[in-house]
Amino acid sequence: MSKTLTLDVHSAPIVELATISGELLTDERRRQLRARFDAGELDELEFDAIVFRNGPNANHFRFREGDLGAFGASFAGQPFLRDHDTRHIESRDGTVLESAHVVGAFVQTIRLTTQRGMRSLLEGQIDRFSIGWYYDGITCSICEQDWLGPGCPHWPGRTYTDGKGENPRTCELIFEHPRGKETSAVNAPAVPGTTILAALCEHKESLMSTHTAPPAGAALEAPSQPTEPLAAAAGPRRPRGRRAGPGCRDGPGAVSAPPAPPPAAAASPEPVIPRARRSGRRPTEAFLRRRPPRFRIRRRAPESA
């Protein structure tokens, strides 16, 4: 069973003059429609446009000729968006009413239903179109294998030759079983084709880092062994238990706490050595380890005049 991938892809924008009722949307026609729009006489606006042309492109992808008919028709009923923004409902300006593949191009009839969308078309802001689509897989044109799988070492746009160094061919990505997702009004990017290539190549690099089977002819480096944590190397930690009581020996089942390190010598103030309980003897060293000495600052009383 095929699994639909969720990586968003779209075509490079193309510039086309839209038509309304079979007439080109010229400047004079725009002014007439603007007057009707400002008067509140337009509730919706339909126009025809070519939104995609099949052929060589800067993205180095293509579709199979046998899929173009069904692919073009699958856009009917899909949303018309701004900048391929599928996350926000306010980015939708209308719906694709009809779509068909005509001589290597997708021709669509689009209905605008928002005030912002109609104003953008009449003001000349909507004049570049791009499509987005779903697909079941990507095939490499060089090795005819799954381009996202571990067996394909090729990259789109690069030229490869056979074993004799002959028959150079450029790698292209073939989208399998494409289906229309949306049509968008967009602006032309500064560098055509960079968006889709960057997204796809980044996705493949992330998959290659998790593949266990290396591609044919690829050299791999053995990963280094993980370093054990310092706590594990030093042995298990001693469980922390409760002492039987302050200044007393451990009772049955109690865990002795590790002896505290001796306090650092301080010039001032000097530590006050506590006296042993109910005895005039000085405390033993074991008693001091269990109860670290406390520091107290003695203030000299003011001398009388």
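Structure: above.
Residues numbered from 1 in each chain as written. Predicted model: local features only at pLDDT ≥ 70, side-chain atom pairs only at ≥ 80, totals over all residues. Heavy atoms only, no water.

On a plain count of helices and strands, the chain comes out with 6 helices and 14 strands. In the chain, which comprises 305 residues, the proportion classed as buried is 29%. Relative to all contacts within the chain whose residues are 6 or more apart in sequence, the contacts with residues 24 or more apart total 73%. (Helix = DSSP H or I, 4+ residues; strand = E, 2+ residues; numbered from the N terminus. Buried < 20%, exposed > 50% of the residue type's maximum accessible area, 1.4 Å probe, protein only. Contact = heavy atoms within 4.5 Å.)

Time to look at the sheet that holds strand β13 (residues 173-176). Here 3 strands make up an open sheet; going across it, the order is β5-β13-β10 and the pairing mixed. Among the strands making up the open sheet, the edge pair consists of β5 (61-63) and β10 (137-140). In this sheet, adjacent strand axes meet at a mean angle of 35° when their direction is disregarded. (Pairing = 2+ DSSP bridges. Axes fitted to C-alpha atoms, helices over the stretch in contact; angles between N-to-C directions.)

Before going further, it helps to spend a moment on the packing of helix α1 (residues 27-38) against helix α3 (residues 115-122). How two helices pack is summed up by the angle between their axes together with the distance between the axes. For the pair α1 and α3, the least separation of the axes is 10 Å and the interaxial angle reads 155°. Our classification of the angle between α1 and α3 gives roughly antiparallel. As α1 runs across α3, the sense of the crossing is left-handed. In contact with R30, L33, R34, F37 and D38 of α1, α3 contributes Q115, M118, R119, L121 and L122. In the contact of α1 with α3, the residues fall into 5 nonpolar, 1 polar and 4 charged. (Parallel < 35°, antiparallel > 145°, perpendicular 65-115°, else oblique. Left-handed = near helix turned anticlockwise from the far one by under 90°. Nonpolar A, V, L, I, M, F, W, Y, C, P; charged D, E, K, R; others polar.)

So, on to the nonpolar core. With 42 residues, the main nonpolar core has F47 and W147 as its most contacted residues. The element contributing the most residues to this core is strand β4 (residues 45-53), with 5 residues. (Core = buried A, V, L, I, M, F, W, Y, C linked by side-chain atoms within 4.5 Å.)

So, about the side chain of H154. Mapped onto the elements of the fold, H154 is located in the loop between β10 and β11 (159-160). The residues touching H154, leaving out its near neighbours within four places in the chain, are C140, I142, C143, W147, Y160, C171 and K204.

This is a description of form; function is not addressed.
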